[in-house]
Amino acid sequence: MAREIEIEEVETRRVPGRFGRLFALVSWPSFLVAAVAETVFFSLINPRELYLLGEPVHFSPLATYTIGFFGFWCVAGASSLISSWMAEKMPACADRCVGRK
């Protein structure tokens, strides 16, 4: 009396598009570089002794760390984005770049 139910398997894996891949390739390395840069920068400089345009910065240390991290992340992200853009513009055959035949 028990009837078997047939279940059709459906592929649910999602393949990221071009923008998703570019976002991952740019944001993750730049995040890591920003974390290292902030660690090095603020281990050498006290956030309460920072000056911006000749005036002392009146933010809390936590706000200074946060602003610094996002600043480093933007710079590192721009660098990764330019590198990615340049890599797309390179010819497919590396031998042509160095003059080999």
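Our structure's up above, just so we're on the same page.
Please read all numbers here as calculations on a predicted model, not as lab measurements.

K.L.:
Is there a simple way to think about the packing of helix α1 (residues 18-44) against helix α2 (residues 61-89) in this case?
P.N.:
In helix packing, the relevant descriptors are the interaxial angle and the interaxial distance, both defined with respect to the helix axes. Contact geometry for α1 and α2: axes closest at 7 Å, N-to-C directions at 135°. Taken together, the axis directions place α1 and α2 in an arrangement best described as oblique. For the crossing formed where α1 meets α2, the hand is right-handed. A class-by-class count of the residues in the contact of α1 with α2 yields 16 nonpolar, 8 polar and 3 charged.

K.L.:
Explain the side chain of S27 here, please?
P.N.:
With respect to the helices and strands, the residue S27 is situated in helix α1. By relative accessible area, which is 16% here, S27 ends up buried.

K.L.:
Just checking my understanding: could you explain the environment of A35 for this structure?
P.N.:
By the secondary structure assignment, A35 is in helix α1. Look at A35 and you get partly exposed, because its relative accessible area is 30%. Expressed as a C-alpha distance, the spacing of A35 and F70, which sit 35 residues apart in the sequence, is 9.5 Å.

K.L.:
How do you make sense of the packing of aromatic side chains when you look at a structure like this?
P.N.:
Given two aromatic rings, one states the distance between the centres and the angle between the planes to describe the pair. Overall, the coordinates contain 10 aromatic pairs when judged by the stated rule. Pairing F42 with Y65 gives two aromatic rings, centres 4.9 Å apart and planes at 85°, and the pair type is edge-to-face. Of this pair, F42 sits in helix α1 while Y65 sits in helix α2, and the two are 23 residues apart along the sequence. On the basis of relative accessible area, F42 is assigned to the buried category, the value being 13%. Judged by its relative accessible area of 32%, Y65 is partly exposed. With centroids separated by 5.6 Å and ring planes inclined at 70°, the aromatic side chains of F69 and F70 adopt a geometry described as edge-to-face. F69 sits in the buried class, given a relative accessible area of 13%.

Conventions used here
Residues numbered from 1 in each chain as written. Predicted model: local features only at pLDDT ≥ 70, side-chain atom pairs only at ≥ 80, totals over all residues. Heavy atoms only, no water. Axes fitted to C-alpha atoms, helices over the stretch in contact; angles between N-to-C directions. Helix = DSSP H or I, 4+ residues; strand = E, 2+ residues; numbered from the N terminus. Parallel < 35°, antiparallel > 145°, perpendicular 65-115°, else oblique. Left-handed = near helix turned anticlockwise from the far one by under 90°. Nonpolar A, V, L, I, M, F, W, Y, C, P; charged D, E, K, R; others polar. Buried < 20%, exposed > 50% of the residue type's maximum accessible area, 1.4 Å probe, protein only. Phe/Tyr/Trp six-rings, centres within 6.5 Å; stacked < 30°, edge-to-face > 60°.

Worth remembering: the numbers are spatial, not functional.
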